[in-house]
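Examining the three-dimensional arrangement
The chain contents come next:
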Amino acid sequence: MKPTKKPRKKRAYRLDDRARAQARTRRRIVEAAVHLHERLGPAATTVSAIAARAGVQRLTVYRHFPDDAAMFAACTAHWGSLNPTPDAALWASIPDPLARAVAAVAAHCDYYSGTRGMWRVAYRDAPRVKPIRPVLGGFDAHLTNLAETLAAGFGAKGQTARRLLATIRHALAFATWSDLEDRGLADPEKATLVRAWLEGVRAVR
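Before going into details, it helps to say that this report is about the structure given with it. What you are looking at is a predicted structure, and each value in this text was computed from that prediction instead of being measured. (Residues numbered from 1 in each chain as written. Predicted model: local features only at pLDDT ≥ 70, side-chain atom pairs only at ≥ 80, totals over all residues. Heavy atoms only, no water.)

**Description of the overall build of the chain**
Threshold: Labels follow the DSSP assignment, with helices taken as runs of H or I lasting at least four residues and strands as runs of E lasting at least two, numbered in each case from the N terminus. A 1.4 Å probe rolled over the protein chains alone gives each residue an accessible area, and that area as a share of the maximum for its type sets the label: buried under 20%, exposed over 50%, partly exposed in between. Methods summary: accessible areas were calculated by the Shrake-Rupley approach with a probe of 1.4 Å, and residue burial reflects only the protein chains presented. None of His or the chain ends enter the tally, which takes Lys and Arg as positive and Asp and Glu as negative. In this description, the location of a charge corresponds to atom NZ of lysine, CZ of arginine, CG of aspartate or CD of glutamate.
In terms of helices and strands, the chain carries nine helices and zero strands. Going from N to C terminus, the chain has its helices and strands arranged as α-α-α-α-α-α-α-α-α. Structurally, the chain occupies a C-alpha span of about 90 × 50 × 25 Å along its principal axes. Considering the chain as a whole, with its 205 residues, one finds that 36% of them fall into the buried category. With the model as given, the accessible surface of the chain reaches about 12400 Å², and the carbon-plus-sulfur share is 56%. Taken together, the 34 basic and 18 acidic charged side chains of the chain have centroids lying 14 Å from each other.

**Overview of the side chain of T167**
As a reminder, the rule being used: Every residue pair with non-hydrogen atoms within 4.5 Å of one another is taken to be in contact.
Looking at where T167 falls in the secondary structure, it is placed in helix 7 (residues 158-172). Among all residues touching T167, those that are not within four sequence positions of it are W197, L198 and V201.

**Structural notes on the packing of aromatic side chains**
Where we set the bar: What counts as a ring pair is set by centres within 6.5 Å for rings of Phe, Tyr and Trp (its six-membered ring), and what kind of pair is set by the plane angle: stacked under 30 degrees, edge-to-face over 60, tilted for all other angles.
Applying the stated rule across the entire model yields ten aromatic pairs. Taking 6.0 Å as the distance between ring centres and 5 degrees as the angle between the ring planes, the aromatic pair formed by Y123 and F174 counts as stacked. Of this pair, Y123 sits in helix 5 (residues 97-125) while F174 is found in helix 8 (residues 174-182), placing the two residues 51 residues apart along the sequence. Residue F174 is classed as buried on the basis of its relative accessible area, which comes to 6%. Three or more aromatic residues link up through ring pairs in this structure, and these residues are W79, Y111, Y112, W119, Y123, F139, F174 and W177.

**Some thoughts on the packing of helix 5 against helix 9 (residues 187-203)**
Rules: To get an axis, fit a line to the C-alpha atoms, keeping to the stretch in contact for a helix; angles then go from 0 to 180 degrees between the N-to-C directions. Each angle is binned into one of four classes, with values under 35 degrees roughly parallel, values over 145 roughly antiparallel, values of 65 to 115 roughly perpendicular, and all other values oblique. Left-handed describes a crossing whose near helix is turned anticlockwise from the far helix through less than a right angle; right-handed describes the clockwise counterpart.
Packing of helix 5 against helix 9 brings their axes to within 9 Å, and their N-to-C directions diverge by 150 degrees. The orientation of helix 5 relative to helix 9 falls into the category roughly antiparallel. In the packing of helix 5 onto helix 9, the handedness of the crossing is right-handed. For the pair helix 5 and helix 9, the contacting residues are L98, A99, A101, V102, V105, A106, C109, D110 and S113 in the first and D187, K190, A191, V194, R195, L198, E199 and R202 in the second.

**Points about the environment of S113**
Structurally, S113 is set in helix 5. Overall, S113 belongs to the partly exposed group, its relative accessible area being 24%. Residues S113 and Y123, ten residues apart in the sequence, show an inter-C-alpha distance of 16 Å. If sequence neighbours within four positions are ignored, S113 has contacts with W177 and D187.

**Some points on the nonpolar core**
For clarity, the cut-off: Within this scheme, the nonpolar core is defined by two criteria: the residues are buried Ala, Val, Leu, Ile, Met, Phe, Trp, Tyr or Cys, and they are joined through side-chain atoms within 4.5 Å.
Of all hydrophobic cores here, the largest spans 52 residues; its most connected members are I168 and L198. Tallying contributions element by element places helix 5 first for this core, with 13 residues. Beyond its immediate stretch of four places on either side in the chain, L198 contacts L98, A101, V102, F154, L164, T167 and I168.

All we've got here are geometric facts, nothing functional implied.
So, in structure tokens, the structure goes:
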């Protein structure tokens, strides 16, 4: 009777070590890309620059991310995990629809204040960097869905409902926040302005 062969533990350990090393390398590449995207913009970020910051060869970058779409998908997931969009729990339990909408806008103002760098370069470079467009499209769709939910809470009909939806959607947009920021309005002032907009819309008959 032949003795039973024992499993090759050393080989398994070596494979595990290799997988962990590859995961660490991949993470360094993604972190390097996100850093450069935010500071230079995606359009100006080269594979060579990513490789240099990550401490790897260009070929290593391509081995992990064979095309721009793969790179941007990984960067989006990483950056999004560090910068999640505002939680609806911050405003969902507010009974008054006006106060609820203003709270949602205020939460997004706070969010944009902390993430402005990435949003500015992303919207700026989107016409030149195709893989950014689906990411921004998904975020814009998220804001539209949120605006529709908040507007529906007013129970308005006809033109008033349309105007409320348009106003809330405009107020939630990064471009609106950025423009008001550039004009010197602090986030509390932005929220106060949005409240006035919505009160004005409701008052029109």
